[in-house]
Amino acid sequence: MKQNMISSDKFNSKKKKTMVPTNKPNTPKIKPLKVIPLGGMREIGKNMFVYEYGNDIIIVDCGIGFPEDDMPGIDIVIPDMTYVFKNRSRVRGVFFTHGHEDHIGAVAWLTKEVKAPLYGSKLAIALIRSKMEDRGGSLKNLDLHSVEDGDVIKAGLFSVEFIHSNHSIADANILAIRTTAGTVIHTGDFKIDFTPINGDPISLHRLAEVGREKPLLLMCESTNVEKPGFSMSESKVGDSFSGIFEKAPGRIIVATFSSNIYRMQQIFTAAERFDRKVCLIGRSVVNVFTAANSLGYMTVKPDTLIDVNRIKDLDPAKVVIISTGSQGEPLAALTKMAFSEHQKIEISSKDTVILSSSPIPGNEKSIYKVINELYLRGANVIYASLAEVHASGHAYQEELKLMHQLVQSKYFVPMHGEYRMLFQHSQLAQRMGKSLDDIFLLNNGDILEITKEKAQIKGSVPAEGIMVDGTGYAEAGNSVLKERITLSDEGIVSIAIAVDLDNDVMLGDPVVHTKGFLYESEAEEIVSECLSKVYSYVHKTENSDRSLKDALKTNKLRDQIRDYLYNKTKRRPIILLSIIDV
């Protein structure tokens, strides 16, 4: 087989394949395996993991996170890739467990600096390709490789096996990462579903076979560790849809995660069963459907899918709309419908709206705000706490226990979860016999060094996360964010003063404006006092050797006004002092 040359015919084979990249490293002596999370620890999302052995590095996933409440104006958060960029020549490959945004969303930033092969399932690679095209990025320099279940990829001193898994997106994989130091099982996001909508159940038999190799480390997701029992099968959601579709008197609007093509397929199936047409609204929904349909993952009659402009010509009882906005996103289609801001869809009293998702932590308020607005417009709203319209893609406790039992690794690192989740996953592992000394709750940036004899955290790398604001970047604690928070909490006071430079005097009266700071009842008194302080300060400078302009450029006047405002209101607005030269 030629290096890095895999034909599409070979990819269609069911046999395991081994791909060998062109950049062969020098083989070092046996050294510790390093595991460095750059995201995905003590948080939900932003998954990115660096595995380092000898002179070789591989990366698993490269996703985005979503902004917290203390990040006003921030669009997304991406991993801090400083360490990867410094070691770009050592990166032998980038591997993706599946195609969710929190696992592939930051690829565009990574590939600007790192030129290494990218490996993932057919759907993950298709979504990466679509994402790069959508952002206007170039595909010609990307070394993209689609893999199938069971494929083994050689990447320097690493080999990576793709093991079939179940999740809320098709083509999810667990990775078996092998080096001479030992084997790591990296689960990615997974669940155990014995009746999946499309494809096979998770490959438990292969996990059991790998478990007999006595893996060195299990890296296992922790999202649903707080939930006892087994997660609900995706097939049950289809049964719920059928019952709802049969009784709904008018249009049905279903908001779900755009990447959940299993859910999308069940909506189409139920729609066709009850002779309804389906319209897709929202860019991400359209993009994912297009990618999945092109790969043969969707089974849809040719005349079922319709354009949004045809909705008005059809009986509402014959229409289903699949929409973005299951998380209450302000610009998503469902939110616009709820607040009567959508150009083509107006909610009516006969509409049935289904939120087929679970809230991402932190989104609850936004979601319930949308639900309240939908109720106010007379819609019949159905969500997960009212009916079985959502099945999680993440393993519950009994599924996690089964993973631990099958793998039987020496060491364990819980990942993909907030700290309480990682902690509870650690307790679950201890109840199953794992020693606390062999469990590591890592921070993003920790360097975990592992051998068969011992494991220990040895140092750290930068991993605070980079906030993306439009086309700009901001690091944690950035002054711009602090100012935005102050503006949001305290408001702003602007004072403009015109100065006659020739005569060194103030011209006219100063102008004071406030935004988000003063209530109407207190404005007149406070503005008047601010003006008095300006007059007083200007008067005091008349007998000094310093010019008026220079005196105003110091912080003394600003400090006087700030102290007054705080003593009067107990608030600290941003104060802008503008000097206009005349």
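Residues numbered from 1 in each chain as written. Predicted model: local features only at pLDDT ≥ 70, side-chain atom pairs only at ≥ 80, totals over all residues. Heavy atoms only, no water.

A. Representation of the overall build of the protein chain. In terms of regular secondary structure, the protein chain is built from 17 helices and 27 strands. For the protein chain, with 582 residues in total, the buried portion stands at 53%. For the protein chain, contacts bridging at least 24 residues in sequence account for 72% of all contacts bridging at least 6. A total of about 26,700 Å² of accessible surface is found on the protein chain, and carbon and sulfur atoms cover 48% of it. (Helix = DSSP H or I, 4+ residues; strand = E, 2+ residues; numbered from the N terminus. Buried < 20%, exposed > 50% of the residue type's maximum accessible area, 1.4 Å probe, protein only. Contact = heavy atoms within 4.5 Å. Areas by Shrake-Rupley, 256 points an atom, 1.4 Å probe, with all protein chains shown as cover.)

B. Structural context of the nonpolar core. In this structure, Val 84 and Phe 245 are the most contacted members of the largest nonpolar core, which totals 70 residues. At seven residues, helix H8 (residues 261–273) tops the list of elements feeding residues into this core. Excluding residues within four positions of it along the chain, Phe 245 makes contact with Ile 252, Val 254, Ile 267, Ala 270, Ala 271, Phe 274, Arg 276, Val 320 and Ile 354. Counting 56 residues, the second largest nonpolar core, distinct from the first, contains Val 60, Phe 162, Leu 175 and Met 415. (Core = buried A, V, L, I, M, F, W, Y, C linked by side-chain atoms within 4.5 Å.)

C. A look at the sheet that holds strand S2 (residues 33–39). Strand order across the open sheet formed by eight strands is S8-S7-S6-S4-S3-S2-S21-S22, with mixed pairing between neighbours. For this open sheet the edge positions go to strand S8 (144–147) and strand S22 (455–460), each flanked by a neighbour on one side alone. For this sheet the average axis-to-axis angle between neighbouring strands, irrespective of direction, equals 25°. The pairing of S2 with strand S3 (residues 48–53) spans five bridges and is antiparallel. Following the sheet pairing, Val 35 is matched in S3 by Tyr 51. With respect to the sheet, helix H5 (residues 122–134) is in contact with strand S7 (118–121) and S8, its orientation differing from that of S7 by roughly 120°. (Pairing = 2+ DSSP bridges. Axes fitted to C-alpha atoms, helices over the stretch in contact; angles between N-to-C directions.)

D. Region of interest: the confidence of the model for the protein chain. Confidence along the protein chain averages 88 in pLDDT terms, with 90% of residues attaining 70 or more. The model gives residues 1–15 a pLDDT under 50, and that stretch makes 27 contacts with residues more than four places away or in other chains. (pLDDT = per-residue confidence, 0-100.)

E. A look at the pattern of salt bridges. Counted under the stated rule, the structure contains 23 salt bridges. Measuring nitrogen to oxygen at the nearest pair gives 2.9 Å for the salt bridge that ties Glu 113 to Arg 88. Here Arg 88 lies in the loop between helix H2 (82–86) and strand S6 (91–95) and Glu 113 lies in the loop between helix H4 (107–111) and S7, a separation of 25 residues in the sequence. Relative accessible area serves as the criterion here: at 37%, Arg 88 is assigned to the partly exposed category. Notably, a salt bridge pairs Arg 562 with Asp 559, separated by 3.1 Å at the nearest N-O pair. Of this pair, Arg 562 and Asp 559 both sit in helix H17 (residues 556–569), separated by three residues, roughly a single helical turn. A residue is classified by how much of its surface remains accessible, and Arg 562, at 30% relative accessible area, is partly exposed. Among the ionic contacts, a cluster of salt bridges with common partners joins Glu 161, Arg 178, Arg 206, Glu 209 and Glu 213. (Salt bridge = Lys/Arg side-chain N within 4 Å of Asp/Glu carboxyl O.)

F. Inspection of empty space enclosed by the protein at higher detail. One pass over the full model with this rule turns up one cavity of 30 Å³ or more. Each pocket or cavity is described by its volume, and for the largest cavity that value is around 90 Å³. A class-by-class count of the residues in the lining of the largest cavity yields four nonpolar, eight polar and four charged. (1 Å grid on protein atoms, 1.4 Å probe; cavity = no way out; pocket = protein on both sides within 12 Å on 5 of 7 lines; lining within 4 Å. Points joined across faces, edges and corners; volume = space filled by probe spheres on them. Nonpolar A, V, L, I, M, F, W, Y, C, P; charged D, E, K, R; others polar.)

G. Structural context of H5. Compared with the 18 Å implied by 1.5 Å per residue over 13 residues, the 18 Å span of H5 between its first and last C-alpha is a close match. Those residues of H5 that fall on the buried side of the exposure criterion are Leu 123, Ala 124, Ile 125, Ala 126, Leu 127, Ile 128, Lys 131 and Met 132. Considering only its buried residues, H5 is in contact with helix H3 (101–104), H4, S7, S8, H8 and helix H9 (283–294). (Expected span 1.5 Å × (residues − 1).)

H. Region of interest: the sheet that holds strand S19 (residues 380–383). Read from one edge of the open sheet, six strands run S16-S15-S17-S14-S18-S19, paired in parallel fashion. The open sheet is flanked by strand S16 (305–306) and S19, the only strands paired with a single partner. Strands in contact with helix H7 (residues 234–247) are strand S14 (252–256), strand S17 (319–323), strand S18 (352–356) and S19; relative to S18, the strand with the most contacts, it is inclined by about 170°. In this fold helix H11 (residues 364–376) packs onto S18 and S19, with an angle of close to 150° to the strand it touches most, S19.

I. Structural view of the environment of Pro 462. Within the secondary structure layout, Pro 462 lies in the loop between S22 and strand S23 (466–469). Taking the C-alpha atoms as reference points, Pro 462 and Thr 82, 380 residues apart in sequence, are found 6.9 Å from one another. Here Pro 462 is in contact with Leu 38 and Asp 80, once residues within four sequence places are set aside.

J. Representation of the environment of Glu 542. Here Glu 542 lies in the loop between helix H15 (520–541) and helix H16 (548–553). Given a relative accessible area of 55%, Glu 542 falls into the exposed group. Placed 38 residues apart in sequence, Glu 542 and Asp 504 show a C-alpha to C-alpha distance of 8.8 Å.

K. Broad picture of H7. Three or more residues of H7 are buried, namely Glu 234, Val 237, Gly 238, Ser 240, Phe 241, Ser 242, Ile 244 and Phe 245. In this fold, the buried residues of H7 make contact with S14, H8, S17, S18 and S19.

L. Seen up close, a nonpolar patch on the surface. A contiguous nonpolar patch, built from Val 505, Leu 507, Ile 580 and Val 582 and spanning about 310 Å² of accessible area, is present on the exposed surface. Turning to its location among the elements, Val 582 is positioned in the segment after strand S27 (574–581). Residue classification places Val 582 among the exposed residues on the basis of a relative accessible area of 54%. (Patch = residues over 30% accessible without salt bridge, like charges linked within 9 Å, V, L, I, M, F, W, Y side chains within 5 Å.)

M. Quick peek at the side chain of Arg 571. Looking at the secondary structure, you find Arg 571 in the loop between H17 and S27. Engagement of the side chain of Arg 571 in a polar contact is seen with the backbone oxygen of Phe 517, the distance being 2.6 Å. The contact partners of Arg 571, leaving out residues within four places of it in the chain, are Glu 490, Phe 517, Leu 518, Tyr 519, Glu 522, Leu 565 and Tyr 566. (Polar contact = N/O pair within 3.5 Å; in protein donor to acceptor, adjacent residues only side chain to side chain.)

N. Focus on the pairing of S17. Most of S17 is tucked away, with five of its five residues classed as buried. Taken together, the four bridges between S14 and S17 define a ladder with parallel strand orientation. From the neighbouring strand, Val 254 faces S17, where its bridge partner is Ile 322. In the sheet, strand S15 (residues 277–281) pairs with S17 via five bridges, with the strands oriented parallel. Bridge pairing in S17 links Cys 279 to Ile 321.

O. Representation of the packing of H5 against H9 within the structure. At a minimum axis separation of 10 Å, H5 and H9 run at an interaxial angle of 135°. As far as their axial angle goes, H9 and H5 are oblique. The handedness of the crossing between H5 and H9 is right-handed. Of the residues in H9, those in contact with Leu 123, Ala 126, Leu 127, Ser 130 and Asp 134 of H5 are Arg 283, Asn 287, Val 288, Ala 291 and Ala 292. (Parallel < 35°, antiparallel > 145°, perpendicular 65-115°, else oblique. Left-handed = near helix turned anticlockwise from the far one by under 90°.)

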